[in-house]
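# Structural features, examined
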Amino acid sequence: MESLSQSTVFAWLSTKGSMSFTAGEQSYSRHIETEYPKGFSRYRILFSEQAVLSTRQLQDINAALETWLVSLDTKLSLALIERDCGLTCIEVCTSQPLSPQQIAAIGETTAIEVFELAVDAPQLSQAGLLVMDMDSTAIQIECIDELAEMAGVGPAVAEVTELAMQGELDFEQSLRARVGKLKGADAAIIDTLCAKLPLMPGLKEMIAELQSHGWRTVVASGGFTPFVNHLKQLLALDAAFANKLDIKDGKLLGSVSGQVVDAQYKADTVLNCAKQWQIPVGQRVAIGDGANDIPMINTADFGIAYHAKPKLAQAADVSINRLNLKVLPYLFQRT
């Protein structure tokens, strides 16, 4: 049995040596992801890949993690959870569920994020479906706000956007109000914005990991078709849905046509795509950031709030608050 005082958690878990070690009166065992101790609660602690952290950051995380583990008065089993997403993930299995205070104690470390793994969490290695919001979820901006800035009507549109995101304004009403302010703008601003569309950190890695396991990936956005189609092509997504901006003679008409992609449309997209690709119950996942995503989150088997507004965070099964989209595949299990 190896002593923790002689080896950090990272070093011990990264080697294929001893299956256990001790620290004071606390003892630890090791497991692999697919053979976790049955009946134990499972928690996943995530932080940036060790190679990209400074020595001081790594020391601080290591110290915080070890202090926290020693403080837990329960049987513990640890494992490294490996994904091709560039984060470090340690699974901590406890014989007794941790209290909110115990979880919060390690979560206070700003570089760390902690998640309890649901018993019925989606299976990464089985076919699944991810439906994503676009603005402020898959990309770092709200496209309507950026178009408005380029058209010279930024403040007026941003005010309406914020009310919609907080759930204080009907989405279709707010959409038409915002788009109306773009009337007469040069349609070339759409191509300009597409060319510099800022992807959310971790988006490419998350999508690549899911696709490598046969997952279907979809964007359903209250934004606009040029931008979701750009993402679809860039990331080889399976489908993309958004609103169609009306354009004539190179100018925006200040209106949208066709079916409005609102909150209910997003929720229906989860069901329709799952039916189309025969995705089983339990494997339908949705992620978003605003109140307009709540029906989609509720319809999915597993709903994720990403740096989200309070109303959505309350509705979701889990919230990613500090790290980026690379986290998502670590929230799934492999058996």
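For the structure itself, look to the data block above.
These lines cover the structure that appears in this document, whether it is placed above or below. As the structure is a prediction and not an experimental result, all values here were calculated from the model.

### Observations regarding unusual backbone geometry
Glycine aside, residues mostly have negative phi angles, and peptide bonds mostly take the trans form. One non-glycine residue, Ser136, lies in the positive phi region at around 65°. By the element assignment, Ser136 lies in the loop between β8 (129-132) and α4 (143-151). Even without being glycine, Asp249 reaches a positive phi, approximately 55°. Residue position: Asp249 is located in the loop between β10 (239-248) and β11 (251-257).

### Quick look at the pairing of strand β3 (residues 26-30)
What you see with β3 is a clean split: Gln26, Tyr28 and Arg30 sit on the buried side and Ser27 and Ser29 on the side with no burial. The sheet contact formed by β3 and strand β5 (residues 76-80) spans 3 bridges and is parallel. What sits directly across from Ser29, in β5, is Ser77.

### Observations regarding helix α10 (residues 263-276)
The first and last C-alpha atoms of α10 sit 20 Å apart over 14 residues, in line with the 20 Å expected at 1.5 Å per residue. Turning to α10, its buried residues number three or more, namely Ala263, Lys266, Ala267, Thr269, Val270, Cys273 and Ala274. Where α10 is buried, its residues contact β8, β9 (216-224), β10, β12 (284-288) and α11 (294-299). Gln278 occupies a position one or two residues after α10 and carries a positive phi of about 55°.

### Topic: the pattern of salt bridges
A side chain of one charge can pair with a side chain of the opposite charge if their charged atoms are brought near each other. One pass over the full model with this rule turns up 10 salt bridges. Note that Arg176 and Glu172 form a salt bridge whose closest N and O atoms lie 3.1 Å from each other. On the criterion of helical spacing, the pair formed by Arg176 and Glu172 is a turn pair, its members being 4 residues apart in helix α6 (residues 171-180). Since its relative accessible area comes to 31%, Glu172 is described here as partly exposed. Notably, a salt bridge pairs Arg284 with Asp301, separated by 2.7 Å at the nearest N-O pair. Of this pair, Arg284 sits in strand β12 while Asp301 is found in the loop between α11 and β13 (302-306), placing the two residues 17 residues apart along the sequence. Given a relative accessible area of 14%, Arg284 falls into the buried group.

Here is what the cut-offs are and how they apply
Residues numbered from 1 in each chain as written. Predicted model: local features only at pLDDT ≥ 70, side-chain atom pairs only at ≥ 80, totals over all residues. Heavy atoms only, no water. Helix = DSSP H or I, 4+ residues; strand = E, 2+ residues; numbered from the N terminus. Buried < 20%, exposed > 50% of the residue type's maximum accessible area, 1.4 Å probe, protein only. Pairing = 2+ DSSP bridges. Expected span 1.5 Å × (residues − 1). Contact = heavy atoms within 4.5 Å. Salt bridge = Lys/Arg side-chain N within 4 Å of Asp/Glu carboxyl O.

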